[in-house]
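# Per-entry structural report
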Amino acid sequence: MPGQTALTPINDLLVSPPAGFNVNYIYGIGASGHIVAQSSAGLVILVPENLAGPPASAPVVGGIISSTDPSPVAAGSAVSLSASFTDANVADTHTAVFRWNDGTTSNATVVEAPINGRVEGKATASHSYAAAGIYSVSLEVSDGSHTTTVTRDIVVYDPTAGFVTGSGTILSPAGAYRADQQLAGPAEFALVSMYKKGAKVPTGETSFTFRAAGMTFTATAYDWLVVAGTKATYKGVGTLNGQPGFKFQLAATDNGKTGDALRMKIWHYDSGTQADVVDYDNQSGYSGAGQEGTVLLSGQVVVHK
């Protein structure tokens with residue numbers, strides 16, 4: 001329309017970002033033009049190029065990349081992780097440490113060089129996990145005065161660890177169904193997920209129905225399954241009310257018939273905002289501490305060894 005200004009995506013305006021770095025969401029813009037944003041490297045402050053001033057900031061680190069992406073890591077197999085970084089101070093040298101979340105750490109191999117008036121580098125390390133699980137790995141990159149930390153989950157699977165079955169209902173809380181956050185009520189589920197002999201990808205069946213919202217999700221394919229202790233977590237894709245293009249992650253905990261719990265998260269990718277959009281999550285505030293999932297109203301989850 002006449003008089004309208006064309007909008008440019010924020011990621012197209014970034015000046016020489018490190019590989020893998022993307023802005024996902026903008027929280028606000030200060031009077032000076034500084035932008036507070038959520039990115040692939042966590043919470044960041046974007047500084048207008050004309051206000052950047054002398055280099056005195058921490059290194060900017062891109063997302064952690066796994067040598068097995070997009071597949072999970074087999075227990076007992078080595079995985080190589082890496083992340084690119086930049087630093088506005090061309091005189092800085094850097095060290096980096098990976099924390100593997102299994103009680104061990106590794107000093108990363110750092111390769112860096114001055115390019116176009118700044119430092120560009122890459123930190124790399126390898127590790128082998130002994131047991132299946134979802135490990136929150138962190139990478140700390142330091143220039144001696146400032147340290148930047150980025151994290152990501154590494155999924156480690158063991159096809160021999162077991163499988164999960166279950167059916168029943170949970171009380172879907174208000175806020176879980178994002179299209180109408182006032183809705184609450186029973187939600188029904190039925191599930192089975194397992195690795196067949198020799199397979200690297202699990203199979204199974206998963207359905208989840210929240211009748212108050214007229215919502216039915218059906219899994220059509222699976223990416224991975226992790227059985228760790230009494231908890232099974234798996235991820236895949238499926239249809240929401242018959243429409244394809246949705247992803248899901250389900251966590252089921254077997255507490256011995258009483259207190260079994262289930263969490264279902266469903267989301268899709270929005271090409272307009274270039275970000276994932278959550279459609280349903282019955283425990284959106286879960287931070288990793290305590291039990292994951294809503295206790296069942298009826299039914300049972302069984303984690304088979």
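Below is a summary of the structure that appears in this document. Computed from a prediction, not measured in an experiment: that's the story for all the values here.

## Quick notes on the overall build of the protein chain
Across its full length, the protein chain carries zero helices and 22 strands. Residues counted as buried form 40% of the 305 residues belonging to the protein chain. The long-range share in the protein chain, meaning contacts at least 24 apart out of those at least 6 apart in sequence, stands at 51%. Element-wise, carbon and sulfur atoms account for 53% of the exposed surface of the protein chain, whose accessible area totals about 15,600 Å². Separation of charge centres in the protein chain, based on 16 positive and 23 negative side chains, amounts to 9 Å.

## Overview of unusual backbone geometry
Residue P70 is bonded to the preceding D69 through a cis peptide linkage, with omega at 0 degrees. Its place among the elements puts P70 in the loop between β5 (65-66) and β6 (73-74). One non-glycine residue, N241, adopts positive backbone phi at about 50 degrees. Along the chain, N241 turns up in the loop between β18 (231-240) and β19 (243-253). Residue class for N241 comes out partly exposed when judged on its relative accessible area of 44%.

Cut-offs and rules
- Residues numbered from 1 in each chain as written.
- Predicted model: local features only at pLDDT ≥ 70, side-chain atom pairs only at ≥ 80, totals over all residues.
- Heavy atoms only, no water.
- Helix = DSSP H or I, 4+ residues; strand = E, 2+ residues; numbered from the N terminus.
- Buried < 20%, exposed > 50% of the residue type's maximum accessible area, 1.4 Å probe, protein only.
- Contact = heavy atoms within 4.5 Å.
- Areas by Shrake-Rupley, 256 points an atom, 1.4 Å probe, with all protein chains shown as cover.
- Lys, Arg positive; Asp, Glu negative; His and termini not counted.
- Charge placed at Lys NZ, Arg CZ, Asp CG, Glu CD.

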